[in-house]
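Below are the chains, spelled out letter by letter.
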Amino acid sequence: MPATVPLARTKAEIFDDLVLDTVEQLERRYAKELAGVEFAVEDVPPELNVYDSDVLEDGEVPLARLLPGRPGRQELPPRIVLYRRPLEFRAMDREDLADLVHDVIIEQVANLLGVDPDELS
């Protein structure tokens, strides 16, 4: 669709839909385990000199980050952040991007839950 047509979707909206599709599938199967987990999308990763083990990287480029949360007085829920532009750059087409987004979310959720990614697929 041309960008001037109201039905046209931006790359960011399409990416958000891909994330939502995977998250909804996981939440149907693991509602209890994922209760309170936040999923977010940022265009690019923040500039840091060194990334911790909570970052899923391709080479030296971050694709996603798991922020495990912090219980206690100032409670912060667990959060999984996907970086849209690096993921889009690695995908050859929309189907490839959907697979990549799915795989990255599965990897991060498995890391959060302390299970093998194959158990979630």
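These numbers come from a predicted model, not from an experiment. (Residues numbered from 1 in each chain as written. Predicted model: local features only at pLDDT ≥ 70, side-chain atom pairs only at ≥ 80, totals over all residues. Heavy atoms only, no water.)

A. Expanded view of the nonpolar core. Counting residues in hydrophobic clusters, the biggest one holds 23 residues, and the most contacted among them are Leu26, Leu82, Val101 and Ile105. Breaking this core down by element, the ones donating at least two residues are helix H1 (11-29), strand E3 (61-67), strand E4 (79-83) and helix H4 (94-113). Looking at this core element by element, the count peaks at seven residues for H4. Not counting chain neighbours up to four residues away, the residues in contact with Ile105 comprise Val19, Thr22, Val23, Leu26, Phe39 and Leu82. (Core = buried A, V, L, I, M, F, W, Y, C linked by side-chain atoms within 4.5 Å. Buried < 20%, exposed > 50% of the residue type's maximum accessible area, 1.4 Å probe, protein only. Helix = DSSP H or I, 4+ residues; strand = E, 2+ residues; numbered from the N terminus. Contact = heavy atoms within 4.5 Å.)

B. Spatial organisation of the pattern of salt bridges. This structure, assessed with the given rule, holds five salt bridges. We note a salt bridge from Asp17 to Arg9, for which the minimum N-O separation is 2.3 Å. With relative accessibility at 30%, the residue Asp17 sits in the partly exposed group. In this structure, Arg84 engages Glu88 in a salt bridge whose closest nitrogen and oxygen atoms are separated by 2.9 Å. One end of the pair is Arg84 and the other is Glu88, both in helix H3 (residues 84-90) and four residues apart, which spans about a single turn. On the accessibility criterion, Arg84 (10% relative accessible area) is buried. Connected through salt bridges with shared partners, the residues Asp43, Arg84 and Glu88 form a single ionic network. (Salt bridge = Lys/Arg side-chain N within 4 Å of Asp/Glu carboxyl O.)

C. Here's a closer look at H1. Taking 1.5 Å of rise per residue, the 19 residues of H1 would be expected to cover 27 Å, and the 28 Å separating its terminal C-alpha atoms lies within 8% of that figure. Phe15, Leu18, Val19, Thr22, Val23 and Leu26 are the residues of H1 that are buried. Down the axis of H1, the buried side of the element spans an arc of 125°, and every buried residue falls inside it. Against helix H2 (31-34), strand E1 (38-42), E4, H3, H4 and helix H5 (117-120) lie the buried residues of H1. (Expected span 1.5 Å × (residues − 1). Arc of directions from axis to C-beta.)

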